[in-house]
Amino acid sequence: MDLSSLATYLSHFTVLEVTIYLLILIPTVYTMVGGAPFVPTQMRQVHRMLDAVPLKKGMKLYDLGSGDGRLVHTASKKYNVEAVGYEYSPLIWLWGKMISPFWRSKAKLKFGNFYRQNLSDADIIVCYLLPGPMKRMRKEIYPRLKKGAIIISHAFHIPELDPLKILPKDKDLKLSPVWIYEKK
Ligand SMILES: C[S@@+](CC[C@H](N)C(=O)[O-])C[C@H]1O[C@@H](n2cnc3c(N)ncnc32)[C@H](O)[C@@H]1O
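Residue indices begin from 1 for each chain and proceed along its sequence in written order. Given that the model is predicted, a residue must reach a pLDDT of at least 70 before its local features are reported, and side-chain atom pairs must reach 80 or more before they are shown or counted; all residues, however, enter totals for whole chains, interfaces and linings.

## Some words on the pairing of strand β1 (residues 60–64)
Within β1, four of the five residues are buried, leaving the element largely enclosed by the surrounding structure. Any two strands with at least two DSSP-identified bridges between them are counted as paired. Strands are runs of DSSP state E lasting at least two residues, helices are runs of H or I lasting at least four, and both sets are numbered from the N terminus onward. Judged from the five bridges that link them, β1 and strand β2 (residues 82–87) form a sheet pairing that is parallel. Within β2, the residue paired with L64 across the bridge is Y86. Looking down the strands as they point away from the viewer, one classifies a crossover as right-handed if the path from the first strand across the helix to the second runs clockwise. Regarding the hand of the β-α-β motif, the stretch spanning β1, helix α4 (residues 70–79) and β2 is right-handed. In this structure, β1 lies alongside strand β4 (residues 124–127), joined through four bridges in parallel fashion. Pairing of D63 across the sheet is with V126, part of β4. Partly exposed residues are those whose C-beta has more than 12 but fewer than 20 other C-beta atoms within 10 Å; with 20 or more the residue is buried, with 12 or fewer it is exposed, and the C-beta atoms are placed from the backbone.

This is the structure we're talking about:
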């Protein structure tokens, strides 16, 4: 599409419509390229991930890229932890908020870029992100976590860190491995 065709195309929209469109499009593309597209964790895997560590009432759990919120809702209901999910893709966050009441949990779904959040009080971090963001996790998020904080990563490992535990791939149930780390 050349510039004049683009201008003709855009002339069909008001400034408000283009602004709304861009406000949705820019963070959506950012999360898909810089984090991971929305692919929900299978419920069986959600339980496997959460059951793998000792979760206690009142612990603070964050899901970095919470999608529809299934991990935070399950953690809140099953273990009574204080669960917060950060999601930066507007439509996915909105979908999560819309279905939240059906979960009847106390988990919070916040709109935001998880790289910009203060996670220093996290006891548990859960994530399902691509290898690129896992490198950023190692450099930007891991150093800021408190000692003893646990990271549970679905499918992808964090480079340069020795895992505390690995839940193996389950071919029959089609489950990816889960990587668990402890902040030293
Ligand atoms: C593979 S999905 C996992 C969703 C959910 N955690 C689960 O396991 O079902 C990854 C999610 O991370 C979100 N995401 C990617 N980068 C993000 C960022 N920087 N801040 C917040 N959310 C992000 C994507 O929009 C997507 O919904």
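Don't stop here, the text continues.
## Topic: the environment of I141
Secondary-structure assignment places I141 in helix α6 (residues 131–141). For I141, a count of 24 C-beta atoms within 10 Å gives the class buried. Residues I141 and Q117, spaced 24 residues apart in sequence, show a C-alpha to C-alpha distance of 9.5 Å.

## Describing the site of the ligand
With respect to spatial proximity, 24 residues lie near the ligand, and among them G35, T41, G65, G67 and Y88 are the closest. Contributing elements (two or more residues each) for the shell around the ligand: α2 (15–34), α4 and β2. Classification used: nonpolar for Ala, Val, Leu, Ile, Met, Phe, Trp, Tyr, Cys and Pro, charged for Asp, Glu, Lys and Arg, polar for all others including Gly. Residues that form the shell around the ligand fall into these classes: 11 nonpolar, 10 polar and three charged. For each residue, a C-beta atom is positioned from the backbone; the residue is called near a molecule or strand if that atom sits within 6 Å of it.

## Let's talk about the sheet that holds β1
Taken together, the seven strands give an open sheet; going across it, the order is β3-β2-β1-β4-β5-β7-β6, and neighbouring strands pair in mixed fashion. Looking at which strands have only one partner, the edges of the open sheet turn out to be β3 (108–111) and β6 (165–167). Adjacent strand axes in the sheet meet at a mean angle of 20 degrees when their direction is disregarded. Any residue pair is listed as a contact if its two C-beta atoms, each placed from the backbone, are within 7 Å. In this analysis, axes come from line fits to C-alpha atoms, helices being fitted only over the stretch in contact, and the angle between any two N-to-C directions falls in the range 0 to 180 degrees. Along the sheet, helix α3 (residues 43–51) makes contact with β4, β5 (150–154), β6 and β7 (178–182), crossing β5 at roughly 160 degrees. Against the sheet, α4 engages β1, β2, β3 and β4, with an angle of about 175 degrees to β2.

## Examining unusual backbone geometry
Despite not being glycine, N80 has its phi angle at roughly 60 degrees, a positive value. The partly exposed category is assigned to N80, around which 15 C-beta atoms lie within 10 Å. Its identity as a non-glycine residue notwithstanding, E160 has a phi of 70 degrees, on the positive side. Mapped onto the fold, E160 is located in the loop between β5 and β6. By C-beta crowding, E160 is classed as exposed, having 9 other C-beta atoms within 10 Å.

## So, the packing of α3 against α4
Interhelical geometry of α3 versus α4 gives an angle of 55 degrees and a closest axis separation of 10 Å. Viewed along their axes, α3 and α4 adopt a mutual orientation that is oblique. The way α3 lies across α4 gives a crossing that is right-handed. Counting all contacts with α3, which are made through M43, V46 and L50, the residues of α4 involved are R70, L71, T74, A75, K78 and Y79. Broken down by class, the residue content of the contact of α3 with α4 amounts to six nonpolar, one polar and two charged. Small angles under 35 degrees read as roughly parallel and large ones over 145 as roughly antiparallel, with 65 to 115 read as roughly perpendicular and the rest as oblique. Left-handed describes a crossing whose near helix is turned anticlockwise from the far helix through less than a right angle; right-handed describes the clockwise counterpart.

## Some remarks on helix α5 (residues 90–103)
Multiplying 1.5 Å by the residue count of a helix minus one yields the expected span of that helix. Compared with the 20 Å implied by 1.5 Å per residue over 14 residues, the 20 Å span of α5 between its first and last C-alpha is a close match. Note on bend: the value at a residue is the angle between axes fitted to the seven residues ending there and to the seven starting there. Of all bends in α5, the biggest is about 25 degrees, found at K97, and the proline P101 comes one to four residues later. Residues I92, W93 and G96 constitute the buried set of α5. Tucked into the core, α5 has its buried residues touching β2 and β3.

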